[in-house]
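The chain contents come next:
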There are 2 protein chains.
Amino acid sequence: MKLFNKVAIVGVGLIGGSIAQAIKKKGLAGEVVGVSRHKKTLLLAKRLKAIDRGSQDLNIIKGADLVILATPVDIIMNLAAKISTLVSKECIISDVGSTKQRIVSKLERIFPRYIGTHPLAGSEKRGIVNAQSDTFKGSLCIFTPTRYTDKKAQEKLRSLWTKLGAKLVILSPEIHDKILSFVSHLAHLAAFSLITTIPADYLKFASGGLKDTTRIAASDSELWADIFLSNQKYIVKAVTSFQENLGRIKSAINKRDKKLLIQILKKARVKRAALG
Amino acid sequence: MKLFNKVAIVGVGLIGGSIAQAIKKKGLAGEVVGVSRHKKTLLLAKRLKAIDRGSQDLNIIKGADLVILATPVDIIMNLAAKISTLVSKECIISDVGSTKQRIVSKLERIFPRYIGTHPLAGSEKRGIVNAQSDTFKGSLCIFTPTRYTDKKAQEKLRSLWTKLGAKLVILSPEIHDKILSFVSHLAHLAAFSLITTIPADYLKFASGGLKDTTRIAASDSELWADIFLSNQKYIVKAVTSFQENLGRIKSAINKRDKKLLIQILKKARVKRAALG
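Residues numbered from 1 in each chain as written. Chains lettered and ligands numbered in written order. Predicted model: local features only at pLDDT ≥ 70, side-chain atom pairs only at ≥ 80, totals over all residues.

> Sorry if this is basic, but what is going on with the interface of chain B and chain A here?
Across the contact, 72 residues belong to chain B and 72 residues belong to chain A. Counting residues per element, the ones that place at least two in the side of chain B that touches chain A are helix H6 (173-197), helix H7 (208-214), helix H8 (221-230), helix H9 (232-254) and helix H10 (258-275) of chain B. The dominant element in the side of chain B that touches chain A, judged by the number of residues it contributes, is H6 of chain B, at 16 residues. (Contact = placed C-beta atoms within 7 Å. Helix = DSSP H or I, 4+ residues; strand = E, 2+ residues; numbered from the N terminus.)

Below is the structure:
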């Protein structure tokens, strides 16, 4: 069932590419066009049937009734003004950025029909080459509407994401950023720091545990620098709390307080085991 | 090919059980006996063909020409004296504890033919129920001989582990503990701390990244309290270094130093990507 006439995906990477592929596969749009800085990405996106047409020039989005911004946070912020000159007031604008407060407060001032979203389906893998039409099946997609959000636009976007297989959750941009600072941003920061800490010549002794624990440290550096900076306040708080918890275990080890140590570790084990 | 007449495995959990199962499957011993505190474990070990006979009483190890201690570090330390009254001077004694300095220095004084080992094949899974005869295939097994180590005993144990599929690496107990404090112990400590830091009601937003990063926090609490305390000096150093690296990223975020941030994250990404 067609929901849109022309969908434009700006940034045809893992997430943008997966959205494009799913929309085309399910026939949810008359046409899907893609924008990328790289010709090769557009070529690959066409071959993988993610887009019908692609261009390095933003003008290709003209006439779209849905534009999804799927670039890093910083670039979303930078492209907004230019995009607003290319689309009609009726066009629904959305983004899939990993932090929401800064983006939402800027974009909802520029676009009359904007709504922020964040599909929780990323990975350390990157690029259109890893895109899949079933990436969002069974995953969560967070919507961050505000009192300014156009309800009809939100309903239409809800239909889209539901058809992509996602379960929707509504959060305020602020609560989103607070929660994500823990469940995603802090985990990445910990992984980046952990691999940094390990002497390079010890890595040949790495077992599955270390590989699991640091897997997301292979994520894109610029993307994550952007995320960290765009959620500065909450991330700094989360890291501080993490440092304190590390300090607590270190202190128990220093004092050889086995009882306290077991108590901390057991609580952690139960909490983690419940995650599945 | 039979290498031993009677092998006794003290502690028939994931590692002990896997060793027992592999020895029996490959016919490397005339008989494999197991010791556990729990009757149920012994029953299961027999049903899974890991042991021929089992007992909660250490006396069952009498007459063994190889005894492998596969309990938590603390229990290895506590059982050593008792075991020395049950075995002959010819019996080869080994252990698979995760830290080596304290165990080796104690056990090599008690047993004339002792050699410390550490197969790097653990996981957050536990117990004989997860034991597999191919657990060690392609994994590393660290040997920590000293100048007191009986060379013939070492050679025989090397044959055993090679037949279990492990690649052997020789390290001093001290270097072993230093390396493991980073590649294993710190990773566990980070995972325990990270899951502790995340507010429980945020966990429903956990994605694959957080699950990977905290997977080993589901490991056994007493086992890990033991490991942390038995490698106190090096672990405290490793945690301190980790805290500093976290502080460095936090400070770059606080100062909004994007260039430095990207530089740190990129270095981490390259290092992690090389791990495979």
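> Looking at this structure, I do not really get the nonpolar core. What am I missing?
Side chains of nonpolar character tend, in soluble globular proteins, to be buried together. Within the largest apolar cluster, 189 residues are counted, with the highest numbers of intra-cluster contacts made by Ile9 and Val67 of chain A together with Ile9 and Val67 of chain B. Discounting chain neighbours no more than four positions away, the residues touching valine 67 of chain A are Ala8, Val10, Ile61, Ile83, Val87, Cys91 and Ile93 of chain A. (Core = buried A, V, L, I, M, F, W, Y, C linked by C-beta atoms within 7 Å. Buried ≥ 20, exposed ≤ 12 C-beta atoms within 10 Å, placed from the backbone.)

> What is the right way to look at the environment of isoleucine 9 of chain B in this model?
All names here are of chain B. With respect to the helices and strands, the residue isoleucine 9 is situated in strand E1 (residues 4-10). For the pair isoleucine 9 and threonine 71, spaced 62 residues apart in sequence, the C-alpha separation works out to 9.4 Å. Apart from residues lying up to four places away in sequence, isoleucine 9 is in contact with Gly16, Ile19, Ala20, Val32, Gly34, Ile51, Ile68 and Ala70.

> Could you clarify how one ought to interpret the relation of the copies chain B and chain A in this entry?
The two chain copies are related to each other by a rotation about an axis together with a translation along it. Between chain B and chain A, the superposition needs a rotation of 180° and an axial shift of 0.0 Å, giving an RMSD of 0.0 Å. Seen this way, the second copy is the image of the first under a two-fold rotation axis. Closest approach to the rotation axis within chain B is made by the C-alpha atom of threonine 213 of chain B, at a distance of 1.9 Å. Of the interface residues in chain B, 100% have counterparts in chain A that sit at the interface too, so the contact is made through matching surfaces. (Least-squares fit on C-alpha atoms with pLDDT ≥ 70 in both.)

Such coordinate-based values are descriptive only and should not be taken to indicate function.
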